[in-house]
Amino acid sequence: MHRLSHLTISNFRACQSIALPLEGYTPLVGQNNTGKSTILKAIEWVLKPTALSKQDFHDPDKPVEISACIDGISEAVLNRIPEDKHRKAIAPYCKGGRLWIRVVADGTTAKGIDKQVWDTEQCTDTDNPDHWRNYPTGLPQAVSALLPEPLVVQAMHDIGEDLGKAKAGTTIKSLLDEIMGPLLEAHAEVSSALETIRHVLASDGDNRSDHLQQFDSDATDALTHFFPGLALDLDLQVVDVKEFFKAGDLHVTDKITGDRRRFDQMGTGTQRAIQMALIRYLADTRKGNEDSPSRRLLLIDEPELYLHPQGVRRLRQALSHLSGAGFQVVFSTHSPMMLSRENAADTVIVGKTAENGASVRKPLRQAVEEAIEGGPSQSRTLFELGNLTEIYFADRVVICEGKTDRRLLPLAYERLYGQAAELDHITFVSLGSCADIPKAMTVLSAMGIKACAVADLDFAYTHARSSGLLERNGEDIQAAKHVLEGLRQEQGFSLNGNGLPQNDKKSGWSAADAWASYAANEDGKPIALSSHETLKYSGVWVWLEGCIEQVTKADQKGEDAIAVQEDTLRALSAAEIEQQMPAFKACFDWIRSI
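Let me sum up the structure you'll find in this document. (Residues numbered from 1 in each chain as written. Predicted model: local features only at pLDDT ≥ 70, side-chain atom pairs only at ≥ 80, totals over all residues. Heavy atoms only, no water.)

1. Section: the pattern of salt bridges
Counted by the stated rule, this structure contains 23 salt bridges. Among the salt bridges present, the one from lysine 362 reaches glutamate 370, with a minimum N-O distance of 2.5 Å. Its relative accessible area of 47% is what places glutamate 370 among the partly exposed residues. (Salt bridge = Lys/Arg side-chain N within 4 Å of Asp/Glu carboxyl O. Buried < 20%, exposed > 50% of the residue type's maximum accessible area, 1.4 Å probe, protein only.)

Quick look at the structure:
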């Protein structure tokens, strides 16, 4: 299905110069006042240009330029455009199923707006067109057939105006217009009946009422006594069926109390819920509708506002359905619940700096394709990171090896610094395996997200070597294996074929305990410290003590042991944690310095 696949914005409000990809379902996330709403407005404006204000120009001496790429324009899509002349108008500008359009405004009046299309004869790069020409005749109608005027749902800053009676230009009016289509088709007999009535009541009706004709004649005769040569007729207008259905108000009835009120008299939360319910209803009515050439953009600013968490999840599902049923959905959000594994990979993170204004980061899907070779590895990384919606709402992402670190690190951080890590824009996420850490860090770096990792000491001698973070067969690992062999002979733990510790039920030694013994040994400690310091430069902190249980001095692993460690941390003051478990403070200070 065709869609708006790419957008470039120049000199529009906070967007000095940005470019971003768009999918069928694209969430925009970021802090307040970073430019998410501006991006939504830019999408609306490039498809429906209107006069701008002075505030819309970041630099008043430069023009606003917004270009958009419509992708996936196949022969089948073109053939569904109703008018033959419109098909012929757009076909020469579709290159490889792609069409670029641009709108340029050099002033605040409608006359200062130029609508342009790429010059396919001169543009060799279909990703970055550099030659443009003004819209030829028929092209605006053809573009509108593919991407009609966007349906825009505001963030409801003026809720009374937007959610009241179905006024022109309001959200409810736009939603009802969309929903009206199937309703009109289902009640074609009403349209026929109204047409019959029109012929009876209208002055030019084929079956004009005898009573009305008599009135016209008598009134004209009466007028002739005063103004000869004039005639009167009573023309009773009958609205068409579409206006007939839209003339009513939307009312809400409380089934418990029986209270019936107009929609705009309900509470804010109820109004927003009903608004989103109409969107969900629209999704249901649009299922399986694939015959239309159009794909309408649905642009929503903060759809989760005022909704219960369950309502947010249902709304996300409804929007996902709409994206596959004739709509392209782009929305801004502050809620992780609006993201899921299926759509997180296409989420666009919007940021802002004082120097460059709004900026966007590469979506996860694009970053994975660029950073990782091989389909299976890409799919696995997308699956792992796609489940971690927290990464889109933080400035620093700390990748943990397992659930113990994931639960204890945020708690220890809060106890030491007096506030949750989230308030410092730090999030801790768990991949479940240290093997995934190097790839995850590479992808997050490609996305422009500051990332680091916290892992057990064995990472320095296994995956850090295979991923190139440390020299695979350096002198240090040979020295480490020598120390481990000596400890094995003394203490009886087991080593595997590569000379590194392994779990051994027979001896009762776990690999973690063996590494802890190595880390405490006077010969092993300096080797571990060297690897620890080297990995810090690559963004990885390994526990010099062996693992996090050694930091907290826990004897066991597992759910019960985690709960005990949590209770211990809650019972200790910040000073006591720093004194008894100094590795936590050292680790967090390093994370905060990145």
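So much for the structure itself; the text now carries on.
2. Some points on helix H18 (residues 511–520)
Burial within H18 is extensive, with eight of its ten residues counted as buried. What H18 keeps buried is the set Ala511, Ala512, Ala514, Trp515, Ala516, Ser517, Tyr518 and Ala519. The inward-facing, buried residues of H18 abut helix H17 (475–491), strand E19 (501–502), helix H19 (524–537) and helix H20 (548–552). (Helix = DSSP H or I, 4+ residues; strand = E, 2+ residues; numbered from the N terminus. Contact = heavy atoms within 4.5 Å.)

3. Describing the sheet that holds strand E17 (residues 450–455)
Strands pair in a sheet through their backbones, by hydrogen bonds, and they do so in one of two ways: parallel or antiparallel. If you walk across this open sheet you meet the four strands as E16-E15-E17-E20, and the pairing is parallel. Whereas interior strands pair on both sides, the edge strands pair on one side only; in this sheet they are strand E16 (426–430) and strand E20 (540–542). Strand after strand, the sheet turns through a mean of 20° between neighbouring axes, direction not considered. Two elements, E17 and E20, share three bridges in a ladder whose sense is parallel. Looking at the pairing, alanine 453 lines up with valine 540 of E20. Its contacts with the sheet put helix H14 (residues 403–417) on strand E15 (396–400), E16 and E17, and the angle it makes with E16 is roughly 160°. (Pairing = 2+ DSSP bridges. Axes fitted to C-alpha atoms, helices over the stretch in contact; angles between N-to-C directions.)

4. Re the nonpolar core
If you look at the biggest cluster of nonpolar residues, it comprises 54 residues, and the most contacted ones within it are Leu7, Ile9, Ile39, Ile43, Ile66, Ile90 and Leu99. Looking at this core element by element, the count peaks at seven residues for helix H1 (residues 36–47). Among all residues touching isoleucine 43, those that are not within four sequence positions of it are Leu4, Leu7, Leu22, Leu297, Leu299 and Val330. Core analysis: the next-biggest nonpolar cluster, separate from the first, contains 52 residues, Ala345, Leu444, Ala480 and Val540 among them. (Core = buried A, V, L, I, M, F, W, Y, C linked by side-chain atoms within 4.5 Å.)

5. What to know about the pairing of strand E1 (residues 3–12)
Along any regular strand the residues' side chains alternate between the sheet's two faces. Relative to strand E4 (residues 64–71), E1 runs antiparallel, the two being bridged by seven bridges. Bridging from a neighbouring strand, leucine 7 pairs with alanine 68 of E4. Note: E1 against strand E2 (residues 15–21), six bridges, orientation antiparallel. Paired with threonine 8 across the strands is alanine 19, a residue of E2. Count of turn residues in the E1/E2 antiparallel hairpin: two residues, of which arginine 13 carries a positive phi of about 55°.

6. Comments concerning empty space enclosed by the protein
Taken as a whole and assessed by the stated rule, the structure comprises one cavity of 30 Å³ or more. Put simply, the largest cavity is a space of about 50 Å³. Among the secondary structure elements, those contributing two or more residues to the lining of the largest cavity are helix H13 (375–386) and helix H15 (437–446). Broken down by element, the residue count for the lining of the largest cavity peaks at three residues, all from H13. Across the lining of the largest cavity, the residue classes break down as two nonpolar, one polar and four charged. (1 Å grid on protein atoms, 1.4 Å probe; cavity = no way out; pocket = protein on both sides within 12 Å on 5 of 7 lines; lining within 4 Å. Points joined across faces, edges and corners; volume = space filled by probe spheres on them. Nonpolar A, V, L, I, M, F, W, Y, C, P; charged D, E, K, R; others polar.)

7. Overview of the packing of H17 against H19
Contact geometry of H17 with H19 gives a least axis separation of 10 Å together with a crossing angle of 150°. Taken together, the axes of H17 and H19 are roughly antiparallel relative to one another. The chirality of how H17 crosses H19 is left-handed. For the pair H17 and H19, the contacting residues are Asp476, Ala479, Ala480 and Val483 in the first and Gly524, Ile527 and Ser531 in the second. Partitioning the contact of H17 with H19 into residue classes produces four nonpolar, two polar and one charged. (Parallel < 35°, antiparallel > 145°, perpendicular 65-115°, else oblique. Left-handed = near helix turned anticlockwise from the far one by under 90°.)

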